[in-house]
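Structural overview
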Amino acid sequence: MTAMLKPPALFAHDVGWRQVLGFAQDAVGFWADVRGVQLEQLKRHVPFNVSLLAVNMVAVIANFGSAAPFVALAPWLAGMAGMCLIWTVRSVRTRRADKAPPASRARFWKVTGEITALAFFWAGLIATLLPALPASDQSVLMLMSLLFLGGAGHAAMVLPAGTIALCAITAGGLVYAIPAGAPLDRPLVFLGMASFALIIMRSAVMTTYHTMARLRSEAELSDQGEVVRLLLNEYEANGSDWLLELDADGRLTHVTTRFADVARRRRSDLLGQPLLALLDPAQGGATMTALAHAIRARQPFRDLVVPVPLGRDLRWWALSGTPKHDATGLFSGFRGVGRDVTDVRRSQERIAQLARFDPLTGLANRSLFREQLEDVVDRATLSGRPAALLFVDLDRFKAVNDGFGHAAGDLLLRQVAQRLQALVKGTATIARLGGDEFAVLIPDGGGERAEKLAQRIVKDLARPFPLGEEGRIGAVVVGASVGWALAPDDGNSPEALLKAADLALYRIKEGGRGAAMRFAPDMAEAAAERRRLEGELALALERGQLALAFQPVVDAVDERITGFEALLRWNHPDLGAISPLRFIPLAEDTGLIVPIGHWVIDQALAWAARWPSHIRIAVNLSAMQMEDPELPGRISRALRRHGVPAERLELEITESLFLADKPAVVGVLKQLTALGINFALDDFGTGYSALGTLQKASFSRIKIDRSFVARALVMGDEASAIIHAIVRMAASLDMKTTAEGTETREAFELCRDLGCTQVQGFLFGKPMPPEEATALVTGLVAA
């Protein structure tokens, strides 16, 4: 029986037996609202129920009232009449509300008590009348009582406690009123009454439970709706997004303040406007088409980024929308959200720009250039129409960058880019490949056009570049070399064309820079030969193929040998004697000059140890060697190992070493000077010939380049005047001078007359093996 009355477990709204019956309910809040709903539902049926109860009371009294004294019936009739009067007055005084007001627990139990009192009065009436009636009338009165029980129980079904009391008292009164031995005094009759009462009680419990569960769900949904409303208000007030609603035709039906602010219009102006009318179809492209299609097809859309012109400013919105339907299920428009993604869009465009363009110059970068190159070469190969690739390399950019700073170097690169853009027209692509390397790709460029453009680039980039604001730093001349090649003639693949242009550029650098040259097939052969020499040179020292030769340096007064210059030679078993002009640049480019230079110094000092103490040894150093921080330590150890005083060693360097003014070079010079080593300035007069260079190291000697000696024919000519000027300057600085390339007696005597203190050339000895040099100086001493 208990299971039959138990509320179903499928609801989980914290509603149990006690709450259903009216116990364990809070005084305020949700349960107060529930009690209000229960009483409001009960009140709705008061007029009908009271009228029906009055009719039944009149009918019962009219038919059976004479069976019992009126005095015995009067209390019960008065009680029921009083209850009907109370309910009628209460129903008239309280207006029907759209929403039931909360009810207190006292009021709830008061009404429950009134229902219980009504049952008690009816039971008293039946208990008074039924025993006095004959058996046939008893059945009719029982039927009327069951009708009362069903009607009153149905009316009070929303108050299960009152319904249970009503059923128990009414059914109990009937059982009590049936006389013993009467026809109705049968178990089957009692079972029927009990079953009827239980059905009514269970219906009341279940109805009330479902009502409470529904109200709990509605309350929870209301709370959730309130949270959503607050969140949406917060979203609108503080978020970067906004809400939007469209009708079935795509017109705006709801415009929030945030939306109006973003659109820079009044809300009234936006309402009714088609959403698509706010956008820019010229800029929208595929996303505009997708949005228009989604609105027409009534399909959801998500994160469609569309352009919105706002005056002179172009903004970008990301729009998302979901179709909505009315109560009948018909499509009524869209509900969605929008956000301004202009900053994100611009950031993405900037990232894309950085990924394909050089941030310093704005030119295409290596990645974009490679894409363009592949496309151009493919079209040139298929069509047979030539395309040109030009490699542009700045000749003296490193000196500017090191001498004036990176800011000046960046300014120079931007000016180079501007000049290239002014020179190159049409559909050509200009790219900065890195550092001071540029490239120009001409899709429809024949040989004549490429040649003219290359020459114009060389000429234009040879003009001075002002550095700093209004040239405040000064103007520099860097110059440029341009190597170029044609597709498909010089290369039918991107790699082949790149290699061809690079080889042409390398050939220019070998010849002195500042020129333009097209690729030629022999350049590939030369490059292959260079690669072979690089490989052989890397193993030459290990294989013992390198050797030293010594050329005498002679005193110009008594023609005695004062020292030797160590010269490097490479004798290859297959290639024979390889000129230093070929392998020394290779050694410098590959970095092999550093380990080879260490070996040269060690060997030169080893032979100098065998010579008389007044014979000096001179060794040439490259710029790369002078940047080697280990050089001073290696020289110091070699001097000690061979027992050669530091003043007998002379290091020959060129003034180009000082152009960059590198701290590493300065540090190495200081350490070498501290060891007591002498320095000679080689090839003076052929470079910048700056007097400041002579103060950057403890130079003891200036070597006059052989080109002046060769051109000096007689006293007073231009070359002789230059030699004389150098000699006088060196004398004033207490430096000796050596005239290189003294090949004839006449040249020697002229140099001596001009004041040169030393000479060096074939007249006094060609470069010779170490053994011959040793024999030469030791023999002279012996003689």
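Residues numbered from 1 in each chain as written. Predicted model: local features only at pLDDT ≥ 70, side-chain atom pairs only at ≥ 80, totals over all residues. Heavy atoms only, no water.

**Here's the deal with the pairing of strand S8 (residues 437-442)**
Within S8, five of the six residues are buried, leaving the element largely enclosed by the surrounding structure. Where strand S6 (residues 387-394) lies against S8, six bridges are found, and the strand directions are antiparallel. Residue pairing for S8: valine 392 is matched across the bridge by phenylalanine 438. Sheet topology note: the strand S7 (residues 429-434)/S8 ladder contains five bridges and is antiparallel. Note on S8: the bridge partner recorded for glycine 434 is glutamate 437. Between the antiparallel neighbours S7 and S8 lie two residues, among them glycine 435 with a positive phi of about 60°. (Buried < 20%, exposed > 50% of the residue type's maximum accessible area, 1.4 Å probe, protein only. Helix = DSSP H or I, 4+ residues; strand = E, 2+ residues; numbered from the N terminus. Pairing = 2+ DSSP bridges.)

**Concerning the packing of helix H6 (residues 105-129) against helix H8 (residues 160-177)**
Two elements in contact, H6 and H8, have axes whose closest approach is 8 Å; the angle formed by their N-to-C orientations is 10°. When the axis of H6 is compared with that of H8, the two are roughly parallel. Here H6 contributes Trp109, Thr112, Ile115, Thr116, Ala119, Phe120, Trp122, Ala123, Ile126 and Ala127 to the contact with H8, which in turn contributes Ala161, Gly162, Ala165, Leu166, Ile169, Thr170, Gly173, Leu174, Tyr176 and Ala177. Residues of the contact of H6 with H8, tallied by class, amount to 15 nonpolar, five polar and no charged. (Axes fitted to C-alpha atoms, helices over the stretch in contact; angles between N-to-C directions. Parallel < 35°, antiparallel > 145°, perpendicular 65-115°, else oblique. Contact = heavy atoms within 4.5 Å. Nonpolar A, V, L, I, M, F, W, Y, C, P; charged D, E, K, R; others polar.)

**Quick notes on the sheet that holds S6**
Taken together, five strands build an open sheet; the order of strands is S7-S8-S6-S11-S12 and the sheet is mixed. Two strands close off the open sheet at either side, each with one partner strand: S7 and strand S12 (516-518). Shown here is a sheet whose adjacent strand axes are inclined to one another by a mean of 20°, direction ignored. Along the sheet, helix H19 (residues 494-511) contacts S6, strand S11 (480-487) and S12; its crossing angle with S11, the most-contacted strand, is approximately 150°.

**Focus on the pattern of salt bridges**
Using the criterion set out here, one finds 38 salt bridges in the structure. Close ionic contact of glutamate 114 with arginine 90 constitutes a salt bridge, the shortest N to O distance being 2.7 Å. Here arginine 90 lies in helix H5 (residues 70-93) and glutamate 114 lies in helix H6, a separation of 24 residues in the sequence. Close ionic contact of arginine 432 with aspartate 358 constitutes a salt bridge, the shortest N to O distance being 3.2 Å. With arginine 432 in strand S7 and aspartate 358 in the loop between helix H14 (342-356) and helix H15 (366-383), the pair connects residues that are 74 residues apart, well separated along the chain. Of the two residues, arginine 432 and aspartate 358, both sit in the buried class. Linked by salt bridges that have partners in common, Glu565, Arg616, Glu650, Glu652, Arg701, Lys703 and Glu740 make up one network. (Salt bridge = Lys/Arg side-chain N within 4 Å of Asp/Glu carboxyl O.)

**Observations concerning helix H16 (residues 397-404)**
When we look at burial in H16, the residues that qualify are Phe397, Val400 and Asn401. The buried residues of H16 occupy one face: seen down the axis, they fall within an arc of 95°. On the buried face of H16, the contacting elements are S6, helix H17 (406-423), strand S9 (465-467) and strand S10 (474-476). Phi for glycine 405, located one or two positions after H16, is positive at around 105°. (Arc of directions from axis to C-beta.)

**Quick word on the sheet that holds strand S3 (residues 301-310)**
Consider a sheet: its strands pair through backbone hydrogen bonds, and that pairing is either parallel or antiparallel. Strand order in the open sheet formed by five strands is S2-S1-S5-S4-S3, with antiparallel pairing between adjacent strands. Edge positions in the open sheet fall to strand S2 (252-255) and S3, since each of these has one partner strand only. Here the strands of the sheet are splayed against their neighbours by 30° on average, with no regard to which way each runs. Bridge count between strand S1 (residues 241-246) and S2: three bridges; the pairing is antiparallel. By the bridge assignment, leucine 244 is partnered in S2 with valine 255. Sheet contacts for helix H13 (residues 286-297): S1, S3, strand S4 (313-325) and strand S5 (331-340); angle to S3, the most-contacted strand, approximately 120°.

**What to know about the nonpolar core**
Generally speaking, a soluble globular protein has its nonpolar side chains buried in company with each other. Counting 76 residues, the largest nonpolar core has Ile617 and Met626 as the members making the most contacts within it. The element that contributes the greatest number of residues to this core is helix H22 (residues 593-608), accounting for nine residues. With near-sequence residues (within four places) excluded, methionine 626 lies in contact with Leu621, Leu631, Ile653, Leu657, Ala664, Val665, Val668, Leu669 and Leu672. One finds Leu42, Phe64, Phe148 and Ile200 within the second-largest nonpolar core, a separate group that totals 49 residues. (Core = buried A, V, L, I, M, F, W, Y, C linked by side-chain atoms within 4.5 Å.)

**Remarks on the packing of helix H3 (residues 30-44) against H6**
The geometry of a pair of packed helices is captured by two quantities: the angle between their axes and the separation between those axes. Closest axis-to-axis distance for the H3/H6 pair is 10 Å, and the angle between their directions is 35°. The interaxial crossing formed by H3 with H6 has left-handed handedness. Only Arg105, Arg107, Phe108, Val111 and Ile115 of H6 make contact with H3, whose side of the interface consists of Arg35, Gln38, Leu39 and Leu42. Within the contact of H3 with H6, the residues separate by chemical class into five nonpolar, one polar and three charged. (Left-handed = near helix turned anticlockwise from the far one by under 90°.)

**Overview of the state of the cysteines**
In this structure the tally under the stated criterion is zero disulfides. You can see cysteine 84 has no disulfide; the closest cysteine sulfur is in cysteine 167, sitting 18 Å from it. For the unlinked cysteine cysteine 751, the closest cysteine sulfur is that of cysteine 756, found at 4.7 Å. Given a relative accessible area of 2%, cysteine 751 falls into the buried group. (Disulfide = S-S within 2.5 Å.)

**What to know about unusual backbone geometry**
The linkage connecting alanine 487 with the following residue, proline 488, adopts the cis geometry, with an omega of 5°. Topologically, proline 488 is positioned in the loop between S11 and H19. Not every positive phi belongs to a glycine, and aspartate 303 is a case in point at roughly 50°. One can find aspartate 303 in strand S3. Classification of aspartate 303 as partly exposed rests on a relative accessible area of 34%. At glutamate 559, a residue that is not glycine, the phi angle is positive and equals roughly 60°.

**A closer look at the packing of aromatic side chains**
Scanning the entire structure with this criterion turns up twelve aromatic pairs. Taken together, a centroid distance of 4.9 Å and an interplanar angle of 50° make the contact between phenylalanine 564 and tryptophan 611 tilted. In this pair, phenylalanine 564 is assigned in strand S14 (residues 561-572) and tryptophan 611 in the loop between H22 and strand S16 (616-620), connecting sequence segments 47 residues apart. With a relative accessible area of 1%, phenylalanine 564 lands in the buried category. Every member of this aromatic cluster is reached through a ring pair, and the members are Trp76, Phe120 and Phe121. The lysine or arginine in question, arginine 345, covers the ring of tryptophan 316, its NZ or CZ lying 3.7 Å from the ring centre. Residue placement shows arginine 419 over the ring face of phenylalanine 465; its charged tip is 3.6 Å from the ring centre. (Phe/Tyr/Trp six-rings, centres within 6.5 Å; stacked < 30°, edge-to-face > 60°. Lys NZ or Arg CZ within 6 Å of the ring centre and 35° of its normal.)

**Regarding the pairing of S16**
Both S14 and S16 contribute to a ladder of four bridges, which runs parallel. Bridging from a neighbouring strand, phenylalanine 564 pairs with isoleucine 617 of S16. Pairing geometry for S16 and strand S17 (residues 649-654), over four bridges, is parallel. What sits directly across from asparagine 620, in S17, is glutamate 652.

**Concerning the environment of lysine 736**
Here lysine 736 lies in strand S20 (residues 736-740). Distance from lysine 736 to glycine 755, taken between C-alpha atoms, is 9.7 Å for residues 19 residues apart in sequence. Each residue touching lysine 736, except ones within four places of it in the same chain, is listed here: Ser700, Arg701, Ile702, Ala730, Thr757 and Gln758.

**Focus on the side chain of serine 481**
Mapping serine 481 onto the fold places it in strand S11. Of note is the side chain of serine 481, whose polar atom sits 2.8 Å from the side chain of aspartate 395. Looking at serine 481, its side chain comes within polar contact range of the main-chain nitrogen of glycine 514, at 3.0 Å. With sequence-adjacent residues up to four places away left out, serine 481 is seen in contact with Phe391, Val392, Asp393, Asp395, Leu505, Ile508, Arg513, Gly514 and Ala515. (Polar contact = N/O pair within 3.5 Å; in protein donor to acceptor, adjacent residues only side chain to side chain.)

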